[in-house]
Amino acid sequence: MEAFWMVLISCVIGTVISSVISCLPGLHIYNVMGAMVLGLLALETGGTMVPPEIFVPMMIGMVVGWAMLNTIPAVLLGAPDESAMFTVLPGQKYLLSGRGYEGTMITAVGGLAGAFFIIFVLGPFAPKYLPVAQEVLKGHMHWILWVIITFILMSEWPKGGNRGPAGWAKFYDAWKTLLAGLATFFLAGLLGFIILTRSPVDHEVAFQNIMPAFVGLFAIPWCLLNMISAADVPKQRVVKGLEVDGDLILRSVWSGGLGGGLAAYLPAVTGGVGGLLAGHATAQRDERIFIMGQGVSKFVYYVGSFMLLFVPGLGLTRGGGAWMMKTLYVPTTYSDYYLALGSIAIASAVAYLMMSPLARMVLWFIDRFNYRHVSTFALVIIIVMVLAVTGWVGMFIAVVSTGIGLLPVLFGSRRLNCLGILLLPMACNMAGFGEVITRWLRLT
Amino acid sequence: MKGFTHFMSGVAVASFGPWAIDAALAGNPIFFILGGACGILPDTLDFKFYRFFYHHDVYVEPDPANLDPQIVADEIARAVAMAHDENRYINLKLSSVRLGADHWQQYNVTFDNEKKEVVVTFGPVVNTGQVPIPGTEDLTTGVGRAPIKSRVIQTYDAALKVDIFDGPTIGLKPLGNEEGDLDLEFLPWHREWSHSLTMGAFLGLLWMIGAMLWAGLPVLEGLTGWKAILGGLFTHYSVAWQGFITIAACYGIHVIEDQLGHMGSNIFYPFTKNRTPGLQWMHSGDGLPNFLTVWISCILIFWNLHRAIPEPTYHFSLLHLLMVALIIPGLIMGALHWLFTRGTRVDAIVDTTDDEWSASKAG
């Protein structure tokens, strides 16, 4: 078969698989890619070599499909992964006003705009300018992380202390949420040190060691919250057109591209953090820009970080997908780069076309079943996933992290603080004193 | 300006200190953290600490079970009468009305100086995202009107809209004119002592004293001449004076940036007693100036880091960097924006609500 058809078919297959998987809450595409990598390595050991023209486009298709369509469970089922948490708030607002379909499709437009941004803006300029940025910034990543942590912790404002006379009682009432936020950040950070230093998860699934923690921090509390307090979801309308124009898309790309780009480039900075920073930086107030911008941000974060591996002369590995790819194949040439860009273009088109039917299917599901039952179903899938991949040890980690993840839900503080699980250990390690802390914790 | 803008400006100012980059390359991020933290610190002091201890003379706390705009109007009129009769500064607190876990009653206060009355209207119930709940627009009807003894002059154009989380404070200050007018000061606890260059210098001084105590006494044996001794002192107490400069400068940039807006700051507290009005070039929540400041800060940080590389592989000037990272992309964005919006007339939606106040509630 000609290389062109091999690339096209494997890219489409990867996109379709991930598009369907994206609709299942709790299942991350990196879990599936991990299993695929293990399978390919097993084949290689057995003497069967799968050419990169097959698995490279397929993995790109998987990442693209996930980046575009994971919005469906995030908005419609309320079970977001971390990078979607900013989409969820206004997205759920759309859901509760019967416009869930519109919300997901606006995000999909954002995803497609993100694809254009990657292919036509980042694509031509990345090989020229990213190595320059890398040379300048390479020794400075640790303080950039510390500065981001400082901003996350300092930029949360009190939500209580609204009534009553001035004094300590009012101050304490106001600071309850902030203290809960700080506690969440540092507890998550502590958990991160344990998991990243001495993971109790079986070494055979070591690449999934952070998964149960993420599920516990983000997805399970959300499902529990929905099950306990979910309002009745009104009947959802399927509209034929979206109230978006070129200027709206342009401003979304501006905001989302910045956030997603930051998250893709900086280590340990996820899509959620990138979205927060870009939201603050661009000060956009239009809700549609916010939702679409998060679509752009999520796409640029996942796909952009994967693409960095392919940029000639850069040699940068960011994100779980890229690390998995690196175990199979290390791209070095411009032809690899163009293959990646072409695959992104094909996969984006396929994923966008799949958005509408899959969103309608999930809406039908929500319409037919009680939303609380849907959330319970989502929770069951998540628990089964954790058990299947990481066993009871992973389940224990998920339970512990659920306890931490419930803190912001109960106290009304920022859920972003849960990202202490990555940010704190990474920042300490990169600054060179991570080992001091792990020794102090008796982990090393 | 918004918190993130101040924060990034602080980091950018810190990056101008060669010691900050040297320390960072040695694994010590402290000066950059100090830069960002001090950049946002004036607002932190106000919004997270001071406002909870700020004394109010009159608290308007509408009863959620008996929402009556007339009661609110009467209380505000009473505060105005107090300021007029007692000829003193009166702090009036307009408390928010929480109706449920995620529901808040919105209300608006307007001073009609022509008729010399205060007008209070209840708006819709809003959620914590400040989005009206459909069907609640006319839930609480009626308008509260109460005569006021003095005209209330509003020089700062913040609308007195109360909805989520904390309600605003307004200060009623007798102007001392024959008419007995009162000046309305929005959020009198904000941009007071905390937003002063002197406060930044004071905090820097505290750091310096702490760092000098930490460093202990210097060993100056063998140094002769005042230049050598001075050099020895500077080296021994380097963290102290470098921290002082970083804190004072990064704190100061916040005060300077805020002067570009409307409210202004009390720049040399305690030597000055009142806020110096801002230049009114922008509102603190305007998207473009905030983004430009953040982006230019990033460019300056990048430039300073590049300058610190001893033998760079890539050579470029600041002008080249500005062209590539700011001017050309800006022109392209501007052209695309023009292309997408040409022929359409965009009516500016003027939200006069104070942006920093709103941002503090959204954060």
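Just so it is clear, the structure is predicted and the values come from calculations on it, not from any experiment. (Residues numbered from 1 in each chain as written. Chains lettered and ligands numbered in written order. Predicted model: local features only at pLDDT ≥ 70, side-chain atom pairs only at ≥ 80, totals over all residues.)

### Brief notes about the overall build of chain B
What chain B contains, in helices and strands, is 10 helices and 10 strands. If one aligns the C-alpha atoms of chain B with their principal axes, the spans along those axes are about 80 × 55 × 45 Å. Within chain B, the proportion of its 363 residues that are buried is 41%. Looking at chain B alone, contacts between residues at least 24 apart form 70% of all its contacts between residues at least 6 apart. (Helix = DSSP H or I, 4+ residues; strand = E, 2+ residues; numbered from the N terminus. Buried ≥ 20, exposed ≤ 12 C-beta atoms within 10 Å, placed from the backbone. Contact = placed C-beta atoms within 7 Å.)

### Structural notes on the sheet that holds strand β10 (residues 182-186) of chain B
Residue and element names in this part refer to chain B. With respect to topology, five strands assemble into an open sheet ordered β1-β2-β9-β10-β7, the strand pairing being mixed. The open sheet has two edge strands, β1 (58-60) and β7 (152-153), and neither has a second partner. Strand direction decides the pairing type here: β7 and β10, joined by two bridges, are parallel. If you follow Val 152 over to β10, its bridge partner there is Leu 182. Packed onto the sheet, helix α4 (residues 69-86) meets β1, β2 (90-94), β7, β9 (169-174) and β10 and runs at close to 165° relative to β1. (Pairing = 2+ DSSP bridges. Axes fitted to C-alpha atoms, helices over the stretch in contact; angles between N-to-C directions.)

### What about the interface of chain A and chain B?
Interfaces are often sized by the amount of accessible area the parts lose when they come together. Between chain A and chain B, the residue contacts involve 40 residues of the former and 50 residues of the latter. Those elements that place two or more of their residues in the side of chain A that touches chain B are α6 (100-137), α7 (141-154), α8 (168-197), α10 (246-265) and α11 (271-282) of chain A. No other element matches α7 of chain A, which puts seven residues into the side of chain A that touches chain B. A per-class count over the side of chain A that touches chain B returns 19 nonpolar, 13 polar and eight charged. (Nonpolar A, V, L, I, M, F, W, Y, C, P; charged D, E, K, R; others polar.)

### Here's the deal with α8 of chain A
For α8 of chain A, built from 30 residues, the straight-helix expectation of 44 Å at 1.5 Å per residue is met to within 8% by its first-to-last C-alpha distance of 41 Å. At Trp 175 of chain A, α8 of chain A shows its strongest bend, of approximately 40°. (Expected span 1.5 Å × (residues − 1). Bend = angle between axes of the 7 residues up to and from the residue.)

### Section: the packing of helix α5 (residues 197-215) of chain B against helix α7 (residues 238-258) of chain B
Residues and elements named next belong to chain B. Running from N to C, α5 and α7 cross one another at 160°; their axes reach a closest spacing of 8 Å. In terms of their interaxial angle, α5 and α7 are classed as roughly antiparallel. Like other packed secondary-structure pairs, α5 and α7 cross with a definite hand, here right-handed. Between α5, through Leu 197, Met 199, Gly 200, Ala 201, Leu 203, Gly 204, Leu 205, Trp 207, Met 208, Ala 211, Met 212 and Ala 215, and α7, the contact on the second element is made entirely by Val 239, Ala 240, Trp 241, Gly 243, Phe 244, Ile 247, Ala 248, Tyr 251, Gly 252 and Val 255. Partitioned by chemical class, the residues of the contact of α5 with α7 number 18 nonpolar, four polar and no charged. (Parallel < 35°, antiparallel > 145°, perpendicular 65-115°, else oblique. Left-handed = near helix turned anticlockwise from the far one by under 90°.)

### Re the nonpolar core
Ranked by internal contacts, the top residues of the largest apolar core, which has 173 residues, are Ile 60, Val 63, Leu 145 and Val 303 of chain A. Those residues within four positions of Val 63 of chain A in sequence are excluded, and the remaining contacts are Ile 29, Tyr 302, Val 303, Phe 306 and Gly 321 of chain A. Judged by nonpolar contacts, the second largest core, of 28 residues, contains Ala 73, Leu 182, Leu 184 and Leu 187 of chain B. (Core = buried A, V, L, I, M, F, W, Y, C linked by C-beta atoms within 7 Å.)

### Comments concerning the environment of Ser 297 of chain B
Residues and elements named next belong to chain B. Within the element layout of this structure, Ser 297 appears in helix α8 (residues 287-307). Taking the number of C-beta atoms within 10 Å as the measure of exposure, Ser 297 has 24 and is therefore buried. In sequence terms Ser 297 and Val 72 are 225 residues apart; their C-alpha atoms lie 45 Å from each other. Among residues more than four places away in sequence, those in contact with Ser 297 are Met 8, Ser 9, Val 11 and Ala 12.

### Quick notes on helix α1 (residues 3-15) of chain B
The terminal C-alpha atoms of α1 of chain B lie 19 Å apart, and with 13 residues this matches the ideal 18 Å at 1.5 Å per residue to within 8%. Within α1 of chain B, 13 of the 13 residues are buried, leaving the element largely enclosed by the surrounding structure.

### Observations regarding unusual backbone geometry
The omega angle of the peptide bond from Tyr 269 of chain B to Pro 270 of chain B is 0°, so this bond is cis rather than trans. Along the polypeptide, Pro 270 of chain B turns up in the loop between α7 and α8. Positive phi outside glycine occurs at Arg 442 of chain A, with the angle close to 60°. Tracing the sequence through the fold places Arg 442 of chain A in the segment after α17 (434-440). In this structure, Asn 87 of chain B takes a positive phi of about 50° despite not being glycine. If you trace the backbone, Asn 87 of chain B turns up in the loop between α4 and β2.

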